[in-house]
Amino acid sequence: MTSAVPEPLAVPAGPDVLGLLPRLEAALSGGRPVMPHALDEPAPALPDPVLPGDLPDGLALAIGTSGSTGRPKRALLTAEALRRSADATHESLGGSGAWLLAMPAHHIAGLQVLLRSVAAGTVPAVLDLRPGFTPEAFVAAACELRPSAGAGRRYTALVPTQLGRILEHPAAAEALAGFDAVLVGGAATASSTLSRARRAGIPLRLTYGMSETAGGCVYDGSPLPGSRVHIDNDHHVVLGGDTVAHGYLGDPERTADSFSVDPDGVRWFRTDDLGHFDDDERLVIDGRADDVINSGALKVTPGVVEDAMLRHLPEVNDVVVVGVPDPEWGEIVCAAVTLADPAATVDEAGLRERLRGILPDAALPRRVLVVTSIPQRGPGKPDRAAIRRAVLADG
């Protein structure tokens, strides 16, 4: 049976989001598929026309991606893919449970909290994000989360920025440590933040995935049941298995570029991320291919520089590294940082010397811009384009 065209679904940022649970359950049960968007944003336009062959059988969700360039993309996910994702998550975590929604539910990570709750037969607690995320509000929402009979475990999902704020608030950190598992994803988490969280007894699970894979499909570097990972000849991460989308809504060219089906019928999605496997055969993400900086004919991966700065410069609270054009080097490495002491300044030359020998010379930041906060383009994702513009404007 051909799937119906997805209908826009306005998603509130507060407790009213619970009113969407029956509609999501219907989409998972063969009802009309949905196309979520934030309540305060206009409904996304459908491609014209949408042809019957454009939509997979069993379509339940057309979910936006968080890409920052080009035309908006909506990944086509079937009810089966979403059910497999929820089942694999609960299997990995030790069983179904009650969830706390702490992220916007029009993005895949937040929406999956609702879908996992539907799968578990539980009602999630909701952190009201309309005033913004605060540790105090997280504590209050965590106190409202009551596991139901047969689902005694408690889970939540966060982005690294939220985790960092919780760690600065003792009561929130204590509340988070009381969960059975805390999924953290959406962007790289600084090693210093991970160490602090683990010392606080917080049961972290680092997740990797995207809209095109129904959210996280790799936990702590290993694929979930039903998922697969390989690295292609260009060092791109390629994800396959039960949860991979059937392409992009109304965009056959980009679908053909990114998605494939192998002779065994396994669906694959070629990401824009570069990665490798460590000695324990766990996936390590090195960064996005389009973020690589070419400086003096040498390739610099921003994540390597960011990790070194966070490890070895205690005054740096957060950092995002970008490349900007340079007439001599082609591109130079620049860093936008927030500081532990907001009143402090940065000695660029001294910073470079402290990193010399830790990083190759080509990777040493030539410019450092102090900012009050890192611009975001999605849940937990730094807006590198905005940072690049800020560095250029700073001269």
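Refer to the structure above for everything that follows.
Residues numbered from 1 in each chain as written. Predicted model: local features only at pLDDT ≥ 70, side-chain atom pairs only at ≥ 80, totals over all residues. Heavy atoms only, no water.

Draft legend 1. Up close: the sheet that holds strand 21 (residues 367–370). Read from one edge to the other, the open sheet built from 3 strands follows the order 19-20-21, with strand pairing classed as mixed. Strands with a single pairing partner mark the edges of an open sheet, and in this sheet they are strand 19 (316–326) and strand 21. Across the sheet, the mean angle from the axis of one strand to that of its neighbour is 25 degrees, orientation sign disregarded. Of the strands in this sheet, strand 19 and strand 20 (330–339) are in contact with helix 9 (residues 302–312), which crosses strand 19 at around 145 degrees. Each of strand 19, strand 20 and strand 21 is contacted by helix 11 (residues 384–393), which is oriented at about 70 degrees to strand 19, the strand it contacts most. (Pairing = 2+ DSSP bridges. Helix = DSSP H or I, 4+ residues; strand = E, 2+ residues; numbered from the N terminus. Axes fitted to C-alpha atoms, helices over the stretch in contact; angles between N-to-C directions. Contact = heavy atoms within 4.5 Å.)

Draft legend 2. Expanded view of the environment of A214. With respect to the helices, strands and loops of the structure, A214 is situated in the loop between strand 9 (204–210) and strand 10 (215–219). Separated by 128 residues in sequence, A214 and A86 place their C-alpha atoms 9.2 Å apart. In contact with A214, not counting residues within four places along its chain, are L77, L82, S85, I108, Q112 and T243.

Draft legend 3. The arrangement of the sheet that holds strand 9 in detail. The strand order across the open sheet formed by 7 strands is 6-5-7-8-9-10-11, and the pairing between neighbours is mixed. A strand with exactly one partner marks an edge of an open sheet, and here the two such strands are strand 6 (125–126) and strand 11 (222–223). For strand 10 and strand 11, the ladder comprises 2 bridges, and the chain directions are antiparallel. Of the residues in strand 11, the one forming a bridge with Y219 is S222. Relative to the sheet, helix 5 (residues 160–167) contacts strand 7 (153–158), strand 8 (181–184) and strand 9, its axis offset from that of strand 7 by approximately 115 degrees.

Such coordinate-based values are descriptive only and should not be taken to indicate function.
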